[in-house]
Amino acid sequence: MLAREFDVDKAVYETFRVAETKRGAEDTFSNHSSIYLAPTGNTKDAVSFYTKDNTNINSALVVGSQGSFAYELALNDVKKIDCFDKNILQYVYFALYDAALRNLDYDEFIRNFTSIKSGHKEQRFEHILDDWMLFEVLDKMGSNEAEYWSKIYKSGKKLQLIGSELFRTYYSFFLEALKDFSSVYNPDAYYRL
């Protein structure tokens with residue numbers, strides 16, 4: 001199945017089911033699982049390992065996840081990149097993330113896709129996926145993806161979702177750290193993409 005062919009109503013239902021999962025429950029990867037908001041590893045170094053000697057890589061196959069490998073490869077002139085991910089919820093997040101990257105200025109993007117420090121190691125994310133941001137990019141997405149996000153926002157439960165098990169927030173995604181791991185979070189690379 002191609003990602004754009006997913007059942008929107010089932011995805012919305014599963015979104016709320018995943019969000020209500022108990023903390024500490026077995027972490028499973030399925031067609032409807034928790035969402036990674038940002039890269040969890042150093043995609044810059046991983047991609048540079050393959051591209052550092054000006055190796056002419058024309059195509060790549062990567063796990064889609066949040067998209068950082070695909071973007072890093074694109075910045076290294078890889079022309080054909082196929083992404084796959086079993087998780088439909090991760091895919092709809094990627095579609096939103098990608099539409100935001102293509103249509104928002106850097107500062108707006110950073111405000112909506114990174115956390116804010118709150119104390120030494122704690123982070124806040126209630127500002128993530130702000131309502132106005134969605135309306136800036138909704139019409140730039142595919143119809144199923146836009147319908148999904150519209151239903152999520154219209155549910156009135158978005159803030160409850162941000163702090164739920166829907167989003168994997170147990171790793172830090174402060175801008176300062178993300179800049180070291182993924183070029184997307186650096187202004188020059190962001191605008192090149």
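With that settled, the discussion passes to the overall build of the protein chain. Each helix and strand counted, the protein chain has 10 helices and six strands in total. Relative to its length of 193 residues, the protein chain is compact, with a C-alpha radius of gyration of 16 Å against a globular reference of 16 Å. Seen along its three principal axes, the alpha-carbon backbone of the protein chain occupies a region of about 50 × 45 × 35 Å. The buried share among the 193 residues of the protein chain stands at 48%. Working note: accessible area of the protein chain is about 10,600 Å², and carbon and sulfur atoms make up 50% of it. Taken together, the 23 basic and 29 acidic charged side chains of the protein chain have centroids lying 2 Å from each other.

Bringing helix H3 (residues 68-75) into the picture now. Extensive coverage of H3 is indicated by the burial of six of its eight residues. Those residues of H3 that sit buried are Ser-68, Ala-70, Tyr-71, Glu-72, Leu-73 and Leu-75. On its buried side, H3 packs onto helix H2 (43-51), strand E2 (59-63), strand E3 (80-84), helix H4 (88-103) and helix H10 (187-192). The first or second residue beyond H3 is Asp-77, which carries a positive phi of 65°.

Moving on: the environment of Val-92. Within the secondary structure, Val-92 sits in helix H4. Judged by relative accessible area, Val-92 falls into the buried class, the value being 0%. A sequence separation of 11 residues divides Val-92 from Ile-81, and the C-alpha atoms of the two residues are 18 Å apart. Not counting chain neighbours up to four residues away, the residues in contact with Val-92 comprise Phe-6, Tyr-148 and Trp-149.

This paragraph deals with the packing of aromatic side chains. Given two aromatic rings, one states the distance between the centres and the angle between the planes to describe the pair. According to the stated counting rule, one finds 16 aromatic pairs in the structure shown. Pairing Phe-109 with Phe-113 gives two aromatic rings, centres 4.8 Å apart and planes at 25°, and the pair type is stacked. Of the two residues, Phe-109 and Phe-113 are both situated in helix H5 (residues 106-113); the distance of four residues between them amounts to about one turn of the helix. Like Phe-113, Phe-109 is buried. A ring pair is formed by Tyr-190 and Tyr-191, whose centres lie 5.3 Å apart and whose planes are at 85°; its orientation type is edge-to-face. Overall, Tyr-191 belongs to the exposed group, its relative accessible area being 53%. One aromatic cluster is present, built from ring pairs that chain together Tyr-71, Tyr-93, Phe-94, Tyr-97, Tyr-106, Phe-109, Phe-113, Phe-167, Tyr-185, Tyr-190 and Tyr-191.

Here we take up the confidence of the model for the protein chain. In this model, the protein chain carries a mean pLDDT of 85, and residues with pLDDT of at least 70 account for 91%. The secondary structure element of the protein chain with the lowest average pLDDT is helix H8 (residues 158-162), at 70, and the one with the highest is H10, at 96.

Once that is clear, we can look at the pattern of salt bridges. Following the criterion strictly, the structure yields seven salt bridges and no others. The residue Asp-139 makes a salt bridge to Lys-140 at a minimum N-O spacing of 3.4 Å. For Asp-139, a relative accessible area of 62% gives the class exposed. Each of Asp-9, Glu-147 and Lys-151 takes part in one network of salt bridges that share partners.

What follows is about a nonpolar patch on the surface. A surface patch of nonpolar side chains, amounting to about 310 Å² of accessible area, comprises Leu-61, Val-63 and Phe-84. Here Leu-61 is to be found in strand E2. Leu-61 sits in the exposed class, given a relative accessible area of 61%.

How each quantity is defined
- Residues numbered from 1 in each chain as written.
- Predicted model: local features only at pLDDT ≥ 70, side-chain atom pairs only at ≥ 80, totals over all residues.
- Heavy atoms only, no water.
- Helix = DSSP H or I, 4+ residues; strand = E, 2+ residues; numbered from the N terminus.
- Rg over C-alpha atoms; globule rule 2.2 N^0.38 Å.
- Buried < 20%, exposed > 50% of the residue type's maximum accessible area, 1.4 Å probe, protein only.
- Areas by Shrake-Rupley, 256 points an atom, 1.4 Å probe, with all protein chains shown as cover.
- Lys, Arg positive; Asp, Glu negative; His and termini not counted.
- Charge placed at Lys NZ, Arg CZ, Asp CG, Glu CD.
- Contact = heavy atoms within 4.5 Å.
- Phe/Tyr/Trp six-rings, centres within 6.5 Å; stacked < 30°, edge-to-face > 60°.
- pLDDT = per-residue confidence, 0-100.
- Salt bridge = Lys/Arg side-chain N within 4 Å of Asp/Glu carboxyl O.
- Patch = residues over 30% accessible without salt bridge, like charges linked within 9 Å, V, L, I, M, F, W, Y side chains within 5 Å.

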